[in-house]
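# Inside the fold
Letter by letter, the chains look like this.
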Amino acid sequence: MGANTSQVSDLSESQSIRTLIGPDAISENEPFWNQLISFTFTSPTCSADAKLLEEAVVPLAKTLIQNNPRSGNFGALVRVFLSRTKELKISTECQDQLFIWQAHNALFLVRCLLKVFIRQMNEEELHLQFSYQERAPGTYDSICEDLLEELVCNLVHLIVEVPLLDITYNILFEAVTTLLVLLSYQLFHKEVLREGLIYSYLTRGRCLSLTSRLVKTLLYNFIRQEKCPAATHVLQTQSDGGGLLYGLASGVASGLWSVFTLGGVGSRPGAEHDQNPLPLSNQSLLLLLVLANLTDGPDCPNPYRQAVTCFKNTQDSSSIPSPQPHTFQINFNSLYTALCEQQKSDQVTLLLYTLLHQNSNMRTYILSRTDMENLVLPILEILYHVEERNSHHVYMALIILLILTEDDTFNRSIHEVMLKNISWYTERVLTEISLGSLLILVVIRTIQFNMTRTRDKYLHTNCLAALANMSAQFRNLHQYAAQRIISLFALLSKKHNKVLEQATQSLRGPLGADDTTVLPDYAQDLNVIEEVIRMMLEIINSCLSNSLHHNPNLLYALLYKRELFEQFRSHPSFQDIMQNLDTVIGFFSQRLEQAGSDLSVERVQEVIKKGAAALPKERLKVSTQIVVIIDRKTNSFKTRWINNSPADCITQLPSVHTYIRCYHGKNY
């Protein structure tokens, strides 16, 4: 590299690069450095070209690792960058693009080398690479400066101090990505890292005082959704690929995200990740999530998680000081808008989950919005396209629905929001439907997809839990939503009969089987399917007990398929829950018989509406309304009964980094 434009093929032949990685020391005051960092680089136009660049850097970095103890050139390069960061803010105010360009190039070189260093050595060895310095023969220097800590602190200062403009976009992107690279040691460890140099620099060192400012800046980078400038001195975003700016960083970012998501990605790999037009927004969000999910230290909590969980709205005029450290204010309306618009990526869904689950101020604000459909519709679209999404993304979307459905006001209001022509819902034309009915349709579709494809018991539980939370507030269900509720019960009933038949056959023993034949555990399968059926009956029963007169379409569908419930009337597992269903079916069946035969659909609906008003409430046993909530203190899944029953069922959730799977207890 040097003053001329550089290509990937030029790297190994570049005299400047060969001098940098060579055994001879170069003083940081020499003009060589100005020549080295005055380059323009032709951006790769696709991920394959970016990978070629990474592969070209590896042998050069390995040579530097061998020679750096003697030359100290890597430390000199870092100091060259640090010397320029001190004047970055002034250079920005003066529009000194040349100075910013050179500072960016120096950081770009540092980051490319660091990425290889971290793959090749542990933190202690990396720390040594920063400490090597040119020494005169026969002399010994005692160096007190911690250059690695200085770099980390300067990067944090750069991110929070330098304003986001077209001329600073690239260097801010490099600063965020370099921090991600430094945090990527987790990639090479199976266990969760709880200590380390970089961890301590960020959580206990000089960076601690900048915690709230860093979190706020990263959030605003996400909120602003600034596109990469159309053309820069060094890096460009290509129309047919991510370019160097995004492509080169995507390796470590996607790798770290893979560990962060336990090996998965929110959507299937494709052009979406290569053509990200918002690299700074994307990388800032990734860095924020990584910082917020660092584990607590042995003697101090994670300050970044504290900042994420306690920030307030700029409209909050409360004078009461927050007892939480690292608190700050941010515009909730802007953050809410960004969350609504960007839900296609799983990292944004994770941010939404984190805020709903841990930040009570943000959760209260979101639940108070009158345009809740802007947030709920993207979540439903994730679930609707479940086959295109990673299981982690689906689980997060479901947990978000669970958190929202803890709130009775939300459960009521979604049935008052009317939607027209939902373009992504293609199974049936829905000219007009309430948000609540659409939510029911999508959740039921997810259950049916899971029954035929993945067969994940816990996915069933999460879906049914959301429906259970809503069931007492069902209002004016769309006829298609009502039909699908009963159709799902029919599918479960059919599956129950099939498993029961298989279990009975297995007790008789298959023909030709000997005593050593291993038979499937049909008893366990039967137990699982009966748990799911019971929960479906609870949901229907809760709706009938609390809002029967508001749901004529559900009554119509129930009566149309009333024979489905006959077999469960005498079943010992369902007798208690079937009492109300028997009462309702018997009452309306009698009124339909009295109305005559060959009734039209309109006449049946008329009879149902009049019957709903005439049915004495005391004839229905008050149901133990089930409300499924997430216990934020114990990180557990709790079922609460509203009728003051002392019963309480808590099922522990496993602590798995950032993603939470809701496990289903037998008392549902």
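Residues numbered from 1 in each chain as written. Predicted model: local features only at pLDDT ≥ 70, side-chain atom pairs only at ≥ 80, totals over all residues. Heavy atoms only, no water.

### Here we look at the packing of helix 8 (residues 147–161) against helix 11 (residues 211–224)
- Taken N-terminus to C-terminus, the directions of helix 8 and helix 11 make an angle of 55°; their axes are 9 Å apart at the nearest point. It follows from the interaxial angle that helix 8 and helix 11 lie oblique. In the crossing of helix 8 with helix 11, the sense of the turn from one axis to the other is left-handed. Contacts between helix 8 and helix 11 involve Val 156, Ile 159, Val 160 and Glu 161 from the former and Arg 213, Leu 214, Thr 217 and Leu 218 from the latter.
- The class makeup of the residues in the contact of helix 8 with helix 11 is five nonpolar, one polar and two charged. (Axes fitted to C-alpha atoms, helices over the stretch in contact; angles between N-to-C directions. Helix = DSSP H or I, 4+ residues; strand = E, 2+ residues; numbered from the N terminus. Parallel < 35°, antiparallel > 145°, perpendicular 65-115°, else oblique. Left-handed = near helix turned anticlockwise from the far one by under 90°. Contact = heavy atoms within 4.5 Å. Nonpolar A, V, L, I, M, F, W, Y, C, P; charged D, E, K, R; others polar.)

### Details of the nonpolar core
- Membership of the largest hydrophobic core comes to 206 residues, with the highest contact counts inside it found for Leu 182, Tyr 425, Leu 438, Ile 485, Phe 565 and Phe 588.
- Top contributing element to this core by residue count: helix 6 (residues 97–120), with 14 residues.
- Those residues in contact with Leu 182 that lie beyond four places of it in its chain are Leu 114, Ile 118, Leu 126, Leu 148, Val 152, Leu 155 and Ile 198. (Core = buried A, V, L, I, M, F, W, Y, C linked by side-chain atoms within 4.5 Å. Buried < 20%, exposed > 50% of the residue type's maximum accessible area, 1.4 Å probe, protein only.)

### Describing a positive patch on the surface
- A cluster of like positive charges, contributed by Arg 455, Lys 494, Lys 495 and Lys 498, occupies part of the molecular surface.
- Inspection of the secondary structure assignment puts Lys 494 in helix 24 (residues 479–508).
- For Lys 494, a relative accessible area of 63% puts it in the exposed group. (Patch = residues over 30% accessible without salt bridge, like charges linked within 9 Å, V, L, I, M, F, W, Y side chains within 5 Å. Areas by Shrake-Rupley, 256 points an atom, 1.4 Å probe, with all protein chains shown as cover. Salt bridge = Lys/Arg side-chain N within 4 Å of Asp/Glu carboxyl O. Lys, Arg positive; Asp, Glu negative; His and termini not counted. Charge placed at Lys NZ, Arg CZ, Asp CG, Glu CD.)

### With respect to the packing of aromatic side chains
- Applying the stated criterion across every chain, the model contains 15 aromatic pairs.
- An angle of 40° between the planes, with centres 5.0 Å apart, marks the rings of Tyr 384 and Tyr 425 as tilted. In this pair, Tyr 384 sits in helix 19 (residues 373–384) while Tyr 425 sits in the loop between strand 5 (418–419) and strand 6 (433–434), placing the two residues 41 residues apart along the sequence.
- You can call Tyr 384 buried: its relative accessible area is 3%.
- An aromatic cluster is built from Phe 311, Phe 328, Phe 332, Tyr 336 and Tyr 365, whose rings are joined through pairwise contacts.
- Taking the ring centre of Tyr 384 as reference, the NZ or CZ of Arg 445 above it sits at 4.1 Å. (Phe/Tyr/Trp six-rings, centres within 6.5 Å; stacked < 30°, edge-to-face > 60°. Lys NZ or Arg CZ within 6 Å of the ring centre and 35° of its normal.)

### Examining the confidence of the model for the protein
- For the protein, per-residue confidence averages 80 on the pLDDT scale, and residues scoring 70 or more make up 79% of the total.
- Low pLDDT, under 50, characterises residues 232–274; the predicted model gives this stretch 125 contacts beyond four residues in sequence or across chains.
- Contacts for the low-pLDDT stretch residues 635–668, under 50 throughout, to residues beyond four places or in other chains number 98 contacts. (pLDDT = per-residue confidence, 0-100.)

### Digging into helix 19
- Relative to the 16 Å expected for twelve residues at 1.5 Å per residue, helix 19 spans 15 Å between its end C-alpha atoms, a close match to the ideal helical length.
- Burial analysis of helix 19 places ten of its twelve residues in the buried class, the great majority of the element.
- Turning to helix 19, its buried residues number three or more, namely Glu 373, Leu 375, Val 376, Leu 377, Pro 378, Ile 379, Leu 380, Ile 382, Leu 383 and Tyr 384. (Expected span 1.5 Å × (residues − 1).)

### Some thoughts on the pattern of salt bridges
- Overall, the coordinates contain 18 salt bridges when judged by the stated rule.
- A salt bridge links Glu 161 to Arg 213; the nearest nitrogen and oxygen atoms lie 3.3 Å apart. Here Glu 161, found in helix 8, pairs with Arg 213, found in helix 11; they are 52 residues apart in sequence, far enough to count as distant.
- Its relative accessible area of 36% is what places Arg 213 among the partly exposed residues.
- With its nearest N and O atoms 3.0 Å apart, the salt bridge here joins Arg 569 to Asp 582. Highlighted residues: Arg 569 in the loop between helix 26 (552–560) and helix 27 (575–595) and Asp 582 in helix 27, separated in sequence by 13 residues.
- For Asp 582, a relative accessible area of 24% corresponds to the partly exposed category.

### Some thoughts on the packing of helix 6 against helix 9 (residues 169–182)
- The geometry of helix 6 relative to helix 9 is characterised by a closest axis approach of 9 Å and an angle of 20° between their N-to-C directions. The orientation of helix 6 with respect to helix 9, classified from their angle, is roughly parallel. For the pair helix 6 and helix 9, the crossing hand works out as left-handed. Taken together, the residues of helix 9 that come into contact with helix 6 (itself represented by Ile 100, Ala 103, His 104, Leu 107, Phe 108, Arg 111, Leu 114, Lys 115 and Ile 118) are Asn 170, Ile 171, Phe 173, Glu 174, Ala 175, Thr 177, Thr 178, Val 181 and Leu 182.
- Looking at the contact of helix 6 with helix 9 residue by residue, the class counts come to eleven nonpolar, four polar and three charged.

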